[in-house]
Amino acid sequence: MPELPEVEMVRRYAEEQCKGRTIINVRVLDEGILVGVSRSVFVRSVQGRQIIGASRHGKQLFLNLRKGFLTVHLGMTGDILMLERGERSPSHARTLFTFDDATRLAYDDPRKFGALGLASSMADFVKEHHLGPDALKVSKKEFVARAQGSHRAIKSVLLDQHVIAGVGNLYADESLFQSKIHPLAASNELPVEALERIWAQVRHVLNASIRVSTDFQMLPEGFLLRSRAAGSPCHRGNGIFQSIKVGGRTTIFCPACQKLI
DNA sequence: GAGTATGTTATATG
DNA sequence: GCATATAACATACT
């Protein structure tokens, strides 16, 4: 599911569905999903609290409680969904929250890479986890400065949540494709102009995806994500999309459009 | 069975 | 200690 645009969709859903509701019961079905907090402290801190909103920093989601924050990271396969009264919980539900009106919220996560926890403030959480600024909020100047601080491949830098928070494997490929930059280009060797282009494309790509509710098929023509597959032709003409590994992650790019500088 | 998957982090290495 | 690279986590699907 989850890179910044997908998490933003979940945030909106959570806010729509949960705002104003009070959690009266918590069932932790799989304790492994709790991070940095014991089951008893988690339950005690959440039970009886009202949800007053939902926030996001990069891929990290926060349910704003009347006091404190319930932190949610969706990992690879996490999702949240509201259950109507009596509705069966999904097969990989890891935690169930019951509200005062008997509806329930399920945290579902087959692969269990996600995490639930507590934080006293978003700033605290961001600091503690050394997260970089949100990919949609970072200024051009700060992005360039941060990218210049690493000699790794630019794609690895985009994926590093300590540099900026929110870009994952798919949107990193898309942003570099739109910027016409090779994923293996050394971050600190890219001209400032190229880094500025990447900054602009990261926001463009993330915003475009949010605009279509992360339905890739609804993206405008010319987006790699509409058909991200090695061997398929680049719509710009010459190239054939190629697959390589960068930092252990599958990377699709067009060798004709994205030349190594 | 092998290979792959939208993420993070502990561990290894230089 | 720092920057970087890699393995490991758990499950489903092709």
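Residues numbered from 1 in each chain as written. Chains lettered and ligands numbered in written order. Predicted model: local features only at pLDDT ≥ 70, side-chain atom pairs only at ≥ 80, totals over all residues. Heavy atoms only, no water.

1. Considering the protein's contact with DNA strand C
- Around DNA strand C sit His 92, Pro 110, Arg 111, Lys 112, Phe 113, Ser 150, His 151 and Arg 152, and that is every residue in its neighbourhood.
- Sugar plus phosphate, as a fraction of atoms of DNA strand C within 4 Å of the protein: 61%.
- His 92 has a polar side-chain atom sitting 2.8 Å from a phosphate oxygen of DNA strand C.
- Between DNA strand C and Arg 111, the relevant distance is 2.4 Å, taken from a base nitrogen to a side-chain nitrogen or oxygen of the residue. (Near = heavy atom within 4 Å. Polar contact = N/O pair within 3.5 Å; in protein donor to acceptor, adjacent residues only side chain to side chain.)

2. Things to note about the protein's contact with DNA strand B
- Surrounding DNA strand B, one finds 18 residues, the nearest of these being Met 1, Lys 59, His 73, Arg 249 and Thr 250.
- Each atom of DNA strand B within 4 Å of the protein belongs either to a base or to sugar and phosphate, the latter forming 61%.
- Contact distances for DNA strand B include 3.1 Å between a sugar or linking oxygen and a side-chain N or O atom of Glu 3.
- Here a phosphate oxygen of DNA strand B sits 2.7 Å away from a polar atom, N or O, in the side chain of His 73.
- Looking at the surface near DNA strand B, the elements that each hand over two or more residues are α6 (169-179) and β10 (249-253).
- Grouping the constituent residues of the surface near DNA strand B by class yields 5 nonpolar, 7 polar and 6 charged. (Helix = DSSP H or I, 4+ residues; strand = E, 2+ residues; numbered from the N terminus. Nonpolar A, V, L, I, M, F, W, Y, C, P; charged D, E, K, R; others polar.)

3. Some details on empty space enclosed by the protein
- Counted according to the given criterion, the structure contains 1 cavity of 30 Å³ or more.
- Taken as a whole, the largest cavity spans an internal volume of roughly 40 Å³.
- What lines the largest cavity is Leu 63, Leu 70, Val 72, Ile 80, Phe 97, Leu 105, Tyr 107 and Leu 116.
- Looking at the lining of the largest cavity, the elements that each hand over two or more residues are β4 (69-73) and β7 (104-108).
- Tallied by class, residues from the lining of the largest cavity come to 8 nonpolar, no polar and no charged. (1 Å grid on protein atoms, 1.4 Å probe; cavity = no way out; pocket = protein on both sides within 12 Å on 5 of 7 lines; lining within 4 Å. Points joined across faces, edges and corners; volume = space filled by probe spheres on them.)

4. Considerations on the packing of aromatic side chains
- A complete count under the given rule lists 5 aromatic pairs for this structure.
- With a centroid separation of 5.4 Å and 90° between ring planes, the pair formed by Phe 62 and Phe 125 is classed as edge-to-face. In this pair, Phe 62 sits in strand β3 (residues 60-65) while Phe 125 sits in helix α3 (residues 122-128), placing the two residues 63 residues apart along the sequence. This pair shows no difference in class: Phe 62 is buried, exactly as Phe 125 is.
- Between the aromatic rings of Tyr 171 and Phe 216, the centroid separation amounts to 6.2 Å while the plane-to-plane angle is 90°, which identifies the pairing as edge-to-face. Of this pair, Tyr 171 sits in helix α6 while Phe 216 sits in the loop between α7 (192-211) and β9 (242-246); the two residues are 45 residues apart in sequence, bridging distant segments of the chain. (Phe/Tyr/Trp six-rings, centres within 6.5 Å; stacked < 30°, edge-to-face > 60°. Buried < 20%, exposed > 50% of the residue type's maximum accessible area, 1.4 Å probe, protein only.)

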